[in-house]
Amino acid sequence: MQLDFQNITLSEAALKSSQEARKLLESRSGSGREFLGWLSLPEEEAGRVQQYLNIAADLQKLEAVIMVGIGGSYLGFKCLYEALKPAVGQPHGPEILFAGHSLDGDYHRQLLEYLEGREFGVVVISKSGTTTEPAIAFRLLWSLLEKKHGAAEAARRVCAITDKSKGTLRQSADNLGFHSAVIADDVGGRFSVLSPVGLIPAAVAGIDIYSLLQGAMEMSDRLRGKDGPENPAIQYSAYRNGLYEEGKKIEILVYYQHALQYLAEWWKQLYGESEGKDGKGIFPASAGFTTDLHSLGQWIQDAERSIFQTILDVEQAVSPQIQKQDNDGDGLNFLAGRSVHDVNRVALEATRKAHGEGGVPSLRISIPAIDEFNLGSLFYFFEYACGVSAYSLGVNPFDQPGVEAYKKSMFRMLGKPGYEI
Ligand code: PA5
């Protein structure tokens, strides 16, 4: 992974502040320090890979596996799955479906109807074990499983990933005998992709979780204990906080491959929940180019100058070549011999130049290819840089007090005991 930049002068103050923030993170002396378990997940989880593969092997025998979770208990695996599955057609192994990531009644009805005639299993993920959306989805799915197979057989088709002792999901897992794995107390939802939260679903989907952890470990070696301004996490933090100080309040994470759409969704949660508090924080947005150049392009080029972009650049892809045609009816012979990926990367450079001229500064994060190793490396990079950046901004990266407000309001309206006015 490489980071470079265009049309940005690095602010000395932001650099210094990011270097200080990195020390705060590593010395475990900043706010929220009780949630720094993710720093050492790659090496710790490497020792549990076989355990996760064993659980996955049982579920892989089924026709479909439903991943139930929301927020940090959903987006990490969703990102991996979307990035690594074939772009078209069905991947090998059980069909992977999702539930509990919304309260969409139509979706859940159709899912249950679809599963009625299928052999399916469930991976239910909730750190608290009490989150409403996945709890409702799991209740529906468990009822169907139990009706079809009886409780004992149904339990063999369920894996619960949750706290070691707290929450109703842990109680059900222990009482009914589900497969289960523990989310450590010191790992928060949005920092949990490299824990069983991301690794067990990934193993079920046939993703190489060992390589994922290797990529994360390599990035951890590159970042941890490195004070210098060349540390890419310090740089990323310094550039974005420097830009924020100059009035660039929105960061658009731009990707040029459909496969990276959910990396952007995962990143938005990571940065939005970690930094957006105390009246501060860059708004994390995303765009998929060149598709969105035909919708958001006008705004980005020409509207209020409150944005900067961070571009995800993938250096290699296996892509078809554009052929020469004798009559050149479509006028594309000037591209003959070039690959679609090559044209995409020219689009990236050209768009970056045009946006730069339009007053949009750009950072670029390049990876050699979309694979497990590079995704592991990106996960660790963004998590570490997020901790540094949030400390540099002066907020606690590891809490999310604002998320509670909607829950309280909803529980009151739904009549949940304990939430009466
Ligand atoms: O990052 C977070 O903490 C949240 O997005 C949670 O992951 C999300 O609310 C789901 O919580 P839980 O895993 O407790 O069901």
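Explanation requested: the domain arrangement of the protein chain in the structure shown.
As a measure of interface size, the accessible area lost when the parts come together is often cited. When cut into domains, the protein chain gives domain 1 (2-29 + 213-393) and domain 2 (35-207). Its C-alpha centre places domain 1 at a distance of 29 Å from the equivalent point of domain 2. Each partner contributes residues to the interface: domain 1 has 25 residues there, and domain 2 has 27 residues. Per-residue buried area on domain 1 facing domain 2 is highest for L213, Y262 and E383; these three make up 26% of the total on that side. On the surface where domain 1 and domain 2 come into contact, there are two salt bridges. Here E43 ties to R224 by a salt bridge, and the two come within 3.6 Å at their closest N and O atoms. Put simply, domain 1 and domain 2 have five residue pairs in polar contact (both at pLDDT 80 or more) between them. Listed by contribution, the elements that provide at least two residues to the side of domain 1 that touches domain 2 are helix 10 (209-223), helix 12 (261-275) and helix 15 (372-393).

Sorry if this is basic, but what is going on with the layout of surface pockets here?
Empty pockets left among the atoms are what a rolling probe the size of a water molecule brings to light. In this structure, the largest pocket occupies an estimated 1,000 Å³ of space. Taken together, 36 residues form the lining of the largest pocket, with S128, T131, Q400, E404 and K407 sitting closest to its centre. At the level of secondary structure, the elements contributing two or more residues to the lining of the largest pocket comprise strand 4 (120-126), helix 6 (132-149), helix 12 and helix 16 (403-414). Per element, the largest residue contribution to the lining of the largest pocket is six residues, and it comes from helix 16. Of the residues assigned to the lining of the largest pocket, the class counts are twelve nonpolar, 13 polar and eleven charged. Here the lining of the largest pocket gathers at least three residues from each of two domains, domain 1 (2-29 + 213-393) and domain 2 (35-207).

The rules behind each value
Counting starts from 1 at the beginning of each chain's written sequence and moves along it residue by residue. Two thresholds apply to this predicted model, a pLDDT of at least 70 for residue-level local features and 80 or more for giving and counting side-chain atom pairs, whereas whole-chain, interface and lining totals are computed over all residues. Hydrogens and waters are ignored; side-chain quantities use all the structure's heavy atoms. Segmentation of the chain into domains, including their bounds, is taken from an automatic or database domain assignment. Whether two residues are in contact is decided by their heavy atoms: any pair within 4.5 Å suffices. Here's the idea: put two parts together, see how much 1.4 Å probe accessible area each one loses, and the total over both is what we call buried area. In what follows, salt bridge is the name for a side-chain nitrogen of Lys or Arg lying within 4 Å of a carboxyl oxygen of Asp or Glu. Under the rule applied, a polar contact is a pair of N or O atoms within 3.5 Å (in protein, one hydrogen donor and one hydrogen acceptor; residues adjacent in sequence only if both atoms are side-chain atoms). Going along the chain from the N terminus, every DSSP run of H or I of four or more residues is numbered as a helix, and every run of E of two or more is numbered as a strand. For cavity detection a 1 Å grid was placed over the protein atoms alone, and a set of points counts as a cavity when a 1.4 Å probe fits there but cannot get out; an open set counts as a pocket when protein lies on both sides within 12 Å along at least five of seven lines, with lining residues being those that have an atom within 4 Å of a point. Grid points are joined across faces, edges and corners, and a volume is the space filled by probe spheres set on the points. We call Asp, Glu, Lys and Arg charged. Ala, Val, Leu, Ile, Met, Phe, Trp, Tyr, Cys and Pro are nonpolar, and the rest, Gly among them, are polar.

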